[in-house]
Amino acid sequence: MTVTKLVSASMQSILRNKMRSFLTSLGIIIGVCSVIVMVAVGQGSQAQIKKQIASMGTNLLMVMAPHGPREANRLTMADVKKLRAESSYLSAMTGEVRLSSTYVVGGSNYWETSVYGVEPDYLKIKNWSIKSGVFFTDSDLQARSKVAVIGTTVAAELFPDQDPVGRSIRILTTPLTVIGVLASKGASTMGSDQDDVIMVPLDTAVNRLTKDRKIDSIEMSIVREDLMSEAQTEVTAILRESHKLSDTADADFEIMNQTQIIQTASKTSRTLTTLLAAIAGVSLVVGGIGIMNIMLVSVTERTREIGIRMAVGARKKDILLQFLSESVILSLLGGLSGIILALFLTYIMRTFMNTPTLVSPVVIAASAGFAAAVGIFFGWYPAKKAANLYPIDALRYE
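Residues numbered from 1 in each chain as written. Predicted model: local features only at pLDDT ≥ 70, side-chain atom pairs only at ≥ 80, totals over all residues. Heavy atoms only, no water.

Q: Which residues make up the nonpolar core, and what values do they have?
A: Formed by 43 residues in total, the largest nonpolar core has its most connected members in I169 and I198. At 5 residues, helix 8 (residues 228-242) tops the list of elements feeding residues into this core. Residues in contact with I198, not counting those within four places in the same chain, are V104, T113, S114, V115, Y116, A148, V149, I150, V154, I169 and I171. V32, C33, I339 and M349 belong to the second largest nonpolar core, which has 33 residues in total. (Core = buried A, V, L, I, M, F, W, Y, C linked by side-chain atoms within 4.5 Å. Buried < 20%, exposed > 50% of the residue type's maximum accessible area, 1.4 Å probe, protein only. Helix = DSSP H or I, 4+ residues; strand = E, 2+ residues; numbered from the N terminus. Contact = heavy atoms within 4.5 Å.)

In structure tokens:
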């Protein structure tokens, strides 16, 4: 039989029982659709995480105080000054002090927010911009000026329908003047509102708000991404010298770079995506078993037909190929339907549910290939059984 005749005969057989053929391929449809959707959601989430981490800053290197309960914070402004003077890889740097859950009063309103004490380079490091007004300068830093730049969420809560620039707020007992409003940045990787923040000059925060000479972290932007490893080694050496640590002593600070954060987040996302795809793939196997069962029933129903075809000259190979092609076509039709359904569902999720999805052509091709493989694997036994029937016994079958 030619390929054209083989496909034509298989399609005729499949279309004779449309409902049974649809129900048979339903498992493949669900399986292929589930795999594509699960992988699309996983890859979409992974891309979203990378995008959000990238929005944290450019070639970011972070030095943080240790998190252990018995480990004291030894980061100070002296460390910032030493790094700025001695490091050869920095394009921008800022020390940072954080006051979380701080009540702020503005006009007749109040709001609980986070207050960051930072330096002028902060916006450059974080790829942030100003919506209105200005950011504070080195002069404000040195003068410990009582000025603040607020996020859009804080602006909306404290000064609804008003221009906050030039107005006064009070953080704890310290009055400050709003000189700028940050551009909106949206939610962070962890889902927190990045616009719910107030920024003040670092020296103002240290001397007027916290009354503590310690800082919480140091954030740096490295000149080039490929120099991240060398920069991290240099920063470690400078800080160990600043803290007078011996070669054998444990570091009293922690360093993490943006590349490590992205790799960690991507690894977690890939693991979850693989797990979801494996679970969804089980339905493909179940669909394959369904195809095998129906094909076995089909062999039994068409025993006399097989006998007649053998009597008029059909070879075992012809019988084998016909039943195998029916199985493969059923799987491929199910796979194609599953792909179309998956594309529709991912569009709905992306457009109306704001769920990040990323459909990969490779995953679509792999799903179609796997569907065909399922058809061959589970269709082989029924096809072989049909081909091995004895013509005389097949013709006598009632």
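Moving on from the model shown.
Q: If you had to explain the pairing of strand 7 (residues 174-182) to someone new, which residues and values would you point to?
A: Buried residues dominate strand 7, accounting for 7 of its 9 residues. Strand direction decides the pairing type here: strand 4 (residues 130-133) and strand 7, joined by 3 bridges, are antiparallel. Within the sheet, the bridge partner assigned to S132 lies in strand 7 and is V181. Across 4 bridges, strand 5 (residues 147-150) lies against strand 7 in parallel orientation. Along strand 7, the bridge assignment pairs A148 with V178. Relative to strand 7, strand 6 (residues 168-171) is paired through 4 bridges, and the arrangement is antiparallel. Pairing of I171 across the sheet is with T174, part of strand 7. The turn joining strand 6 and strand 7, which pair antiparallel and follow one another in sequence, is formed by 2 residues; a positive phi near 55° is taken by L172. (Pairing = 2+ DSSP bridges.)

Q: I'd love a proper account of the packing of helix 1 (residues 3-16) against helix 11 (residues 316-352), names of residues and values included.
A: Contact pair helix 1 / helix 11: the axes reach a minimum separation of 9 Å and the direction vectors enclose 65°. Taken together, helix 1 and helix 11 sit at an angle that is classed as roughly perpendicular. Along this stretch, helix 1 crosses helix 11, giving a crossing that reads as right-handed. Packed against helix 1, whose contacting residues are L6, V7, A9, S10, M11, S13 and I14, the element helix 11 presents L321, Q322, S325, E326, I329 and L330 at the interface. Each residue belonging to the contact of helix 1 with helix 11 can be placed in one class, and the counts come to 8 nonpolar, 4 polar and 1 charged. (Axes fitted to C-alpha atoms, helices over the stretch in contact; angles between N-to-C directions. Parallel < 35°, antiparallel > 145°, perpendicular 65-115°, else oblique. Left-handed = near helix turned anticlockwise from the far one by under 90°. Nonpolar A, V, L, I, M, F, W, Y, C, P; charged D, E, K, R; others polar.)

Q: An account of unusual backbone geometry is requested, with residue identities and associated values reported.
A: Backbone geometry at L172 places phi at a positive 55°, although glycine is not the residue there. Looking at the element boundaries, L172 is found in the loop between strand 6 and strand 7. Judged by its relative accessible area of 46%, L172 is partly exposed. One non-glycine residue, N354, lies in positive phi territory at about 55°. The topology assignment puts N354 in the loop between helix 11 and helix 12 (361-387). For N354, a relative accessible area of 68% corresponds to the exposed category.

Q: I'd like a description of the packing of helix 3 (residues 77-86) against helix 8, backed by residues and values.
A: Two numbers describe how helix 3 lies on helix 8: the axes approach to 10 Å, and their chain directions differ by 135°. Relative to helix 8, helix 3 is oriented oblique. Along this stretch, helix 3 crosses helix 8, giving a crossing that reads as right-handed. On the side of helix 3, the interface is formed by D79, K82, L83 and E86, while helix 8 contributes E234, V235, I238, L239, E241 and S242. Looking at side-chain class alone, the contact of helix 3 with helix 8 contains 4 nonpolar, 1 polar and 5 charged residues.

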